[in-house]
Amino acid sequence: AARAIIEREEPEVIHVSADPWSPLIVAERLARTRDIPLVVDFRDPWSIHDAKMAIRPAATRQFLRRFEARVFSVADRIILNTEAACEAYVEAYHNRVPADRFVAIRNAFDEGLFLPSTAITPRRFTVLYFGRFRQFVSPDALLRGFAQFVQRAGLGPESTCLRFVGGLSSEHRDRVTEFGLDAYLEVSDPVPFRESLSVLESAHVLTLVI
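These lines cover the structure that appears in this document, whether it is placed above or below. (Residues numbered from 1 in each chain as written. Predicted model: local features only at pLDDT ≥ 70, side-chain atom pairs only at ≥ 80, totals over all residues. Heavy atoms only, no water.)

**Section: the overall build of the protein chain**
Quick reminder of the rule: A run of H or I in DSSP becomes a helix once it reaches four residues, and a run of E becomes a strand once it reaches two; helices and strands are each numbered from the N terminus. Throughout, the radius of gyration refers to the C-alpha atoms, and the reference size of a globule is 2.2 Å times the residue count to the power 0.38. Only protein chains enter the area calculation, which uses a 1.4 Å probe; residues under 20% of their type maximum are buried, those over 50% are exposed, and those in between are partly exposed. By definition in these notes, contact holds between two residues if any of their heavy atoms fall within 4.5 Å. All accessibility values rest on the Shrake-Rupley procedure with a 1.4 Å probe; residue burial counts only the protein chains present in the view. Counted as positive: Lys and Arg. Counted as negative: Asp and Glu. His and the chain ends are not counted at all. Charge positions come from single atoms, namely NZ of Lys, CZ of Arg, CG of Asp or CD of Glu.
Across its full length, the protein chain holds eight helices and eight strands. Relative to a compact globule of 210 residues, whose C-alpha radius of gyration would be 17 Å, the protein chain shows 22 Å and is clearly more extended. Relative to its full complement of 210 residues, the protein chain shows a buried share of 36%. Contacts in the protein chain between residues at least 24 apart in sequence constitute 68% of all its contacts with a sequence separation of at least 6. Counting only carbon and sulfur atoms, one obtains 52% of the accessible surface of the protein chain, whose full area is about 13100 Å². Separation between the mean location of the 26 positive side-chain charges and that of the 28 negative ones in the protein chain comes to 5 Å.

Given below as structure tokens:
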């Protein structure tokens, strides 16, 4: 299908976005056989994500490293989401891939993707986390920081809350209890993406765990 598009449209560049990683297989093969510049929007680390690589079988780790290097060898540009990830890949591929082939372009915000905002000022000072926690993304740092914040500022649950939009697993609710933050906790159901701007604007502080 991709070959047919190339023959019909005669594109000047192949741009592939990962993860998921499967499009890289198609893009790498097309770039090799069609002599069209390849831009890989890599987004997140792959072979140098130590935690994820540690849970993969040795054969899988070997294949991923070899395939990633093969993609980089034909790519004209490799885009990472952060300067830190870009620097890490430059170092990991030192003397194998030219450093100027790696670039950092941060994720952008496009207000046109959202419905008009109708933000509501919350009753309590609200610290908000939008999304779900999962493997490799734990709430502990946020819970620890919030606990220290309310303790140092002398803030009680009547005036302050920690709000999670998207739900919270029983395991992570237990972590809230262990940090002594049950009274501060406020959990909301997931919100459709296009409606999320109002929710984000209604908080006093937005938090990110990465």
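**Regarding the layout of surface pockets**
Keep this limit in mind: Put simply, the grid is 1 Å and covers the protein atoms alone, a cavity is a trapped set of points that fit a 1.4 Å probe, a pocket is an open set with protein on both sides within 12 Å along at least five of seven lines, and lining residues have an atom within 4 Å of a point. Grid points are joined across faces, edges and corners, and a volume is the space filled by probe spheres set on the points. Only Asp, Glu, Lys and Arg are considered charged in this grouping, and only Ala, Val, Leu, Ile, Met, Phe, Trp, Tyr, Cys and Pro are considered nonpolar; every other residue, Gly among them, is considered polar.
Of the voids in this model, the largest pocket is the one considered here, and its volume is about 1500 Å³. Along the wall of the largest pocket there are 39 residues; nearest its centre are Asn-81, Asn-107, Leu-208, Val-209 and Ile-210. Broken down by secondary-structure element, the contributors of at least two residues to the lining of the largest pocket are α3 (50–54), α5 (83–92), β5 (125–130), α8 (196–201) and β8 (205–207). Here the lining of the largest pocket is built from residues that sort into 23 nonpolar, seven polar and nine charged.

**As for the environment of Cys-86**
Within the element layout of this structure, Cys-86 appears in helix α5. Sequence-distant contacts of Cys-86, that is, excluding residues within four places in its chain, are made with Leu-80, Phe-102, Val-103 and Ala-104.

**Section: the sheet that holds strand β3 (residues 77–80)**
This is how the line gets drawn: Paired strands, as defined in this entry, are two strands with at least two bridges between them according to DSSP. Only the stretch in contact is used when a helix axis is fitted, and all axes are lines through C-alpha atoms; the angle between N-to-C directions ranges over 0 to 180 degrees.
With respect to topology, four strands assemble into an open sheet ordered β1-β2-β3-β4, the strand pairing being parallel. Only two strands of the sheet have a single neighbouring strand rather than two, namely β1 (14–17) and β4 (102–104). When strand polarity is set aside, the average angle formed by the axes of neighbouring strands in this sheet is 20°. Relative to strand β2 (residues 38–43), β1 runs parallel, the two being bridged by four bridges. Directly across from Ser-17, in β2, lies its bridge partner Asp-41. Each of β1 and β2 touches helix α2 (residues 22–34); the most contacted strand, β1, lies at about 160° to it.

**Thoughts on the nonpolar core**
To keep it simple, the criterion reads: For the purposes of this section, nonpolar cores are sets of buried Ala, Val, Leu, Ile, Met, Phe, Trp, Tyr and Cys residues that join through side-chain atoms within 4.5 Å.
Counting residues in each nonpolar core, the largest one holds 28 residues, and the members touching the most others are Leu-24, Phe-42, Phe-72 and Phe-102. Every element with two or more residues in this core is listed here: β1, α2, β2, α4 (58–74), β3 and α5. Residues Leu-142, Leu-162, Leu-181 and Leu-185 belong to the second largest nonpolar core, which totals 17 residues.

**As for the packing of α2 against α4**
Spelled out, the test is: An angle counts as roughly parallel when it lies under 35 degrees, as roughly antiparallel when it exceeds 145, as roughly perpendicular when it falls between 65 and 115, and as oblique in every other case. If you view the pair so one helix is near and one far, a crossing is left-handed when the near helix is turned anticlockwise from the far one by less than a right angle, and right-handed when it is turned clockwise.
Close contact between α2 and α4 brings their axes to 10 Å; oriented N to C, the two are set at 40°. For the element pair α2 / α4, the angle class is oblique. Crossing angle aside, the handedness with which α2 passes α4 is left-handed. Contact residues: α2 offers Leu-24, Ile-25, Glu-28, Ala-31 and Arg-32, while α4 offers Phe-67, Arg-70, Val-71, Ser-73 and Val-74. Along the lines of polarity and charge, the residues of the contact of α2 with α4 split into six nonpolar, one polar and three charged.

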